[in-house]
Amino acid sequence: AYFLGCADTSPASCERFLHRDLRSFGRGKSALEAIYRETGPRGIAAVYGPEALKIALAVTAGGLLLSIKGFAPAGRMLAFFCLLMGTAFPATRGFRGSRCIMALCVGALCADPRAGAFAVIVFAAALALTRYVSLSCVLAAAADILGTWVFADLKICVTLSLFSALVILARHGGHIVRIIRHTEPRLSTKKDLSYKFDED
């Protein structure tokens, strides 16, 4: 699960389905936001659909492996934690990874559908209200802890959910500081036309 988290499939998917370099979308903005601005939901599905499938397979495989001993929920949570570690701190890219948005939402849903659904709802609500992606991720991770505590039968699942939330917090710590200082940009889906005012 860790090494699957290290493997980012979105650049290859962008080349395959959109016939573009992922880095060509926007400048200084998140790829997800930039792709949505230019291609809409279809572009997002083409680029990040394979990534979501990879996440689901990794977490599901963790559950299947430990189901032999009757600990499928713990197996899914362990794979979820390792996947987040690989996404946030990939050894293959100098431990500098992405913000784990998809890994958090899809992975949490696969690890525990009820707790994951609660986390996704909190993420969506926080993003709609604040338009801060990092704050929404941290709140969703905290919601996943609460949901796992309510729905899970194993204490180890709650512990792993806590560790997963710490990974999210560590990855987003700098963004949270910038939010407090009011220097963090908010999510925007409006097309950036500022380049029209640039001088040659």
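Please read all numbers here as calculations on a predicted model, not as lab measurements. (Residues numbered from 1 in each chain as written. Predicted model: local features only at pLDDT ≥ 70, side-chain atom pairs only at ≥ 80, totals over all residues. Heavy atoms only, no water.)

Peer 1: Just checking my understanding: could you explain the overall build of the protein chain for this structure?
Peer 2: When helices and strands are counted, the protein chain shows 8 helices and 0 strands. Of the regular secondary structure in the protein chain, the N- to C-terminal order runs α-α-α-α-α-α-α-α. By the compact-globule yardstick of 16 Å for 200 residues, the protein chain fits well, its C-alpha radius of gyration being 17 Å. Structurally, the protein chain occupies a C-alpha span of about 65 × 40 × 30 Å along its principal axes. Every one of the 200 residues in the protein chain was classed for burial, and the buried ones make up 38%. The long-range fraction of contacts in the protein chain, counting pairs at least 24 apart against all pairs at least 6 apart in sequence, stands at 65%. About 11,400 Å² of surface is accessible on the protein chain, with carbon and sulfur atoms providing 66% of the total. Distance between charge centres in the protein chain, computed from 23 positive and 14 negative side chains, equals 4 Å. (Helix = DSSP H or I, 4+ residues; strand = E, 2+ residues; numbered from the N terminus. Rg over C-alpha atoms; globule rule 2.2 N^0.38 Å. Buried < 20%, exposed > 50% of the residue type's maximum accessible area, 1.4 Å probe, protein only. Contact = heavy atoms within 4.5 Å. Areas by Shrake-Rupley, 256 points an atom, 1.4 Å probe, with all protein chains shown as cover. Lys, Arg positive; Asp, Glu negative; His and termini not counted. Charge placed at Lys NZ, Arg CZ, Asp CG, Glu CD.)

Peer 1: Whenever I open this one, the side chain of His 175 confuses me. Can you help?
Peer 2: For His 175, the location among the structural elements is in helix α8 (residues 155-180). Once you skip the residues sitting within four places of it in the chain, His 175 turns out to touch Arg 99, Ser 134 and Glu 184.

Peer 1: Looking at this model, I keep getting lost on the state of the cysteines. Mind explaining?
Peer 2: Here, the word disulfide means a covalent bond between the sulfur atoms of two cysteines. Throughout the structure, instances matching the rule amount to 0 disulfides. With no disulfide partner, Cys 100 has as its closest neighbouring cysteine sulfur the one in Cys 137, 7.6 Å distant. Cys 100 gets classed as buried once you look at its relative accessible area, which sits at 2%. (Disulfide = S-S within 2.5 Å.)

Peer 1: Could you clarify how one ought to interpret the packing of helix α7 (residues 133-151) against α8 in this entry?
Peer 2: Any two packed helices are characterised by the angle at which their axes cross and by the distance between the axes. Between α7 and α8, the least distance of the axes is 8 Å, while the angle of their chain directions is 165 degrees. If you check the angle between α7 and α8, you find them roughly antiparallel. Of the two possible hands of crossing, α7 and α8 adopt the one that is left-handed. Along its contact with α7, which presents Ser 134, Leu 135, Cys 137, Val 138, Ala 141, Asp 144, Ile 145, Thr 148 and Trp 149, the element α8 presents Cys 157, Val 158, Ser 161, Leu 162, Ala 165, Ile 168, Leu 169, His 172, His 175, Ile 176 and Ile 179. Of the residues assigned to the contact of α7 with α8, the class counts are 14 nonpolar, 5 polar and 1 charged. (Axes fitted to C-alpha atoms, helices over the stretch in contact; angles between N-to-C directions. Parallel < 35°, antiparallel > 145°, perpendicular 65-115°, else oblique. Left-handed = near helix turned anticlockwise from the far one by under 90°. Nonpolar A, V, L, I, M, F, W, Y, C, P; charged D, E, K, R; others polar.)

Peer 1: Whenever I open this one, helix α4 (residues 72-88) confuses me. Can you help?
Peer 2: Every α-helix carries 3.6 residues per turn, so stepping three or four residues along brings you back to the same face. Helix length check: α4, at 17 residues, gives a terminal C-alpha distance of 24 Å against a target of 24 Å (1.5 Å per residue), a fit within 8%. Along α4, 12 of the 17 residues are buried, which leaves the element largely enclosed by surrounding structure. (Expected span 1.5 Å × (residues − 1).)

Peer 1: Is there a simple way to explain the packing of α4 against α8 in this structure?
Peer 2: Two elements in contact, α4 and α8, have axes separated by 9 Å at closest approach and are oriented at 10 degrees. Taken as axis vectors, α4 and α8 run roughly parallel relative to one another. Where α4 approaches α8, its residues Pro 73, Ala 74, Met 77, Leu 78, Phe 80, Phe 81, Leu 84, Met 85 and Ala 88 are matched on the opposing element by Ile 156, Cys 157, Leu 160, Ser 161, Phe 163, Ser 164, Val 167, Ile 168 and Arg 171.

Peer 1: Can you help me understand the packing of aromatic side chains in this one?
Peer 2: By convention here, two paired aromatic rings are described through the distance between centres and the angle between planes. With the rule as written, the count across this model stands at 2 aromatic pairs. Aromatic side chains Tyr 2 and Phe 3 sit 5.3 Å apart centroid to centroid with 80 degrees between the ring planes, which places their arrangement in the edge-to-face category. With a relative accessible area of 64%, Phe 3 lands in the exposed category. A centroid spacing of 6.1 Å and a plane angle of 50 degrees characterise the contact between Phe 81 and Phe 163, whose relative ring orientation is tilted. In this pair, Phe 81 is assigned in helix α4 and Phe 163 in helix α8, connecting sequence segments 82 residues apart. Phe 81 sits in the buried class, given a relative accessible area of 19%. Phe 163 gets classed as partly exposed once you look at its relative accessible area, which sits at 39%. (Phe/Tyr/Trp six-rings, centres within 6.5 Å; stacked < 30°, edge-to-face > 60°.)

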